[in-house]
Amino acid sequence: MSTGVIIALIVIVAVVVAVVAVLAVRARGSHGGGGLKRRFGPEYDRAVARHDGDVQAAERELAALVERHGGLRERPLEPAERERYEARWTATQEHFVDSPREAVAEADRLVAELAGARGFPDAGQYEEQVAALSVHHARHVQGYRSVHRLAGAQGKADGRADGSSDAAAPGTEDLRGALLEARALFEDLLAPARGELTSKKTETTTTATARHDDHGRHLPRAFQRHQPKES
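Now for a look at the structure at hand. (Residues numbered from 1 in each chain as written. Predicted model: local features only at pLDDT ≥ 70, side-chain atom pairs only at ≥ 80, totals over all residues. Heavy atoms only, no water.)

Examining the layout of surface pockets
Convention followed: In this analysis the probe radius is 1.4 Å and the grid spacing 1 Å, with only protein atoms considered; a cavity is a set of points the probe fits into but cannot get out of, a pocket is an open set with protein on both sides within 12 Å along at least five of seven lines, and lining residues have an atom within 4 Å of a point. Grid points are joined across faces, edges and corners, and a volume is the space filled by probe spheres set on the points. Helix and strand definitions follow DSSP, with helices as H or I runs of at least four residues and strands as E runs of at least two, each counted in order from the N terminus. Here the nonpolar group is Ala, Val, Leu, Ile, Met, Phe, Trp, Tyr, Cys and Pro; Asp, Glu, Lys and Arg are the charged ones; every other residue, Gly included, is treated as polar.
The calculated volume of the largest pocket comes to roughly 180 Å³. The wall of the largest pocket is formed by Phe-40, Glu-43, Arg-50, Glu-61, Leu-62, Leu-65, Glu-127, Glu-128, Val-130, Ala-131, Ser-134 and Arg-145. Every element with two or more residues in the lining of the largest pocket is listed here: helix H3 (42-50), helix H4 (55-69) and helix H7 (126-136). Considering every element that reaches the lining of the largest pocket, the biggest residue donor is H7, with five residues. Taken together, the residues that form the lining of the largest pocket break down as five nonpolar, one polar and six charged.

Notes on the nonpolar core
A general feature of soluble globular proteins is that nonpolar side chains tend to end up buried together. Keep this limit in mind: Definition used in this section: a nonpolar core is a set of buried Ala, Val, Leu, Ile, Met, Phe, Trp, Tyr and Cys residues joined via side-chain atoms within 4.5 Å. Throughout, exposure labels follow a simple rule: accessible area from a 1.4 Å probe, protein chains only, divided by the maximum for the residue type, with under 20% read as buried, over 50% as exposed, and the rest as partly exposed.
Formed by 31 residues in total, the largest nonpolar core has its most connected members in Trp-89, Leu-133, Tyr-144, Phe-186 and Leu-189. Counting residues per element, the ones that place at least two in this core are helix H5 (79-95), helix H6 (100-117), H7, helix H8 (141-159) and helix H9 (172-190). A total of nine residues in this core trace back to one element, the largest contributor, which is H6. Counting 12 residues, the second-largest nonpolar core is a separate cluster that includes Leu-36, Val-48, Leu-62 and Val-66.

Comments concerning the pattern of salt bridges
Our working rule: Any carboxyl oxygen of Asp or Glu within 4 Å of a side-chain nitrogen of Lys or Arg constitutes a salt bridge here.
Within this structure, the stated rule accounts for eight salt bridges. The closest approach of N and O atoms between Glu-43 and Arg-46, which form a salt bridge, is 2.6 Å. Taken together, the residues span about one helical turn, with Glu-43 and Arg-46 both in helix H3 at a distance of three residues. Judged by relative accessible area, which is 29%, Arg-46 ranks as partly exposed. Taking the shortest distance from any N to any O, the salt bridge between Arg-50 and Glu-61 comes out at 2.4 Å. Taken as a pair, Arg-50 in helix H3 and Glu-61 in helix H4 lie far apart in primary sequence, 11 residues in all.

As for the packing of aromatic side chains
Quick reminder of the rule: Two aromatic rings from Phe, Tyr or Trp, using only the six-membered ring of Trp, form a pair when their centres are within 6.5 Å; if the ring planes differ by under 30 degrees the pair is stacked, by over 60 it is edge-to-face, and anything between is tilted.
The final tally for this structure, using the stated rule, is two aromatic pairs. With a centroid separation of 4.6 Å and 20° between ring planes, the pair formed by Trp-89 and Phe-186 is classed as stacked. Placement of the pair is Trp-89 in helix H5 and Phe-186 in helix H9, with a sequence separation of 97 residues. Comparing Trp-89 with Phe-186, the two get one shared label, buried. Here the aromatic rings of Tyr-126 and Tyr-144 are separated by 5.5 Å at their centres, their planes lie at 75°, and the arrangement is edge-to-face.

In structure tokens, the structure reads:
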């Protein structure tokens, strides 16, 4: 084999190695490291904490979630369907005034139902539903966890007859905070995708509902009766 051929083969091998390296870097950027952190936001930090600071273990977990649920395409909602969900959430918020615990349980069921309607795993597969939501709605999924946890805690407290302190039901402020958190995910799920049909009424209602801050201002008046006074 001539020297020229050997040099040509070396060049070809070097080019192939370089291309493979570039593709590997791109893949890592989109499915790992900084790409995962950008995609998952607060969920990335929770995963790292769950793995006691082991970043690689956390990224393997998150990459597996993307692999499993990244291809999910959310089902569009019909305008009338969207309006019904919006009306039910408004009723749930108003119900909070007289029955905070029942309202949080309603919110838990409503978010689960809406997620199922959008094409996520149904409410009977809570862990899978949350996993899929964490891939597509990472910045708000914690609110769903909160209402689900508190709804479950209430059920356990109601089921205890010995009156022990660990069976105490959540306080009103905890319930209110969880409902506000869950509403962010609800609105995210309710929002139409680009090009999706909506009615004028739903657009107006959804925009009005979204106007709130961390203290719950601009909620319906009845719900605001539970807001702490600002100093």
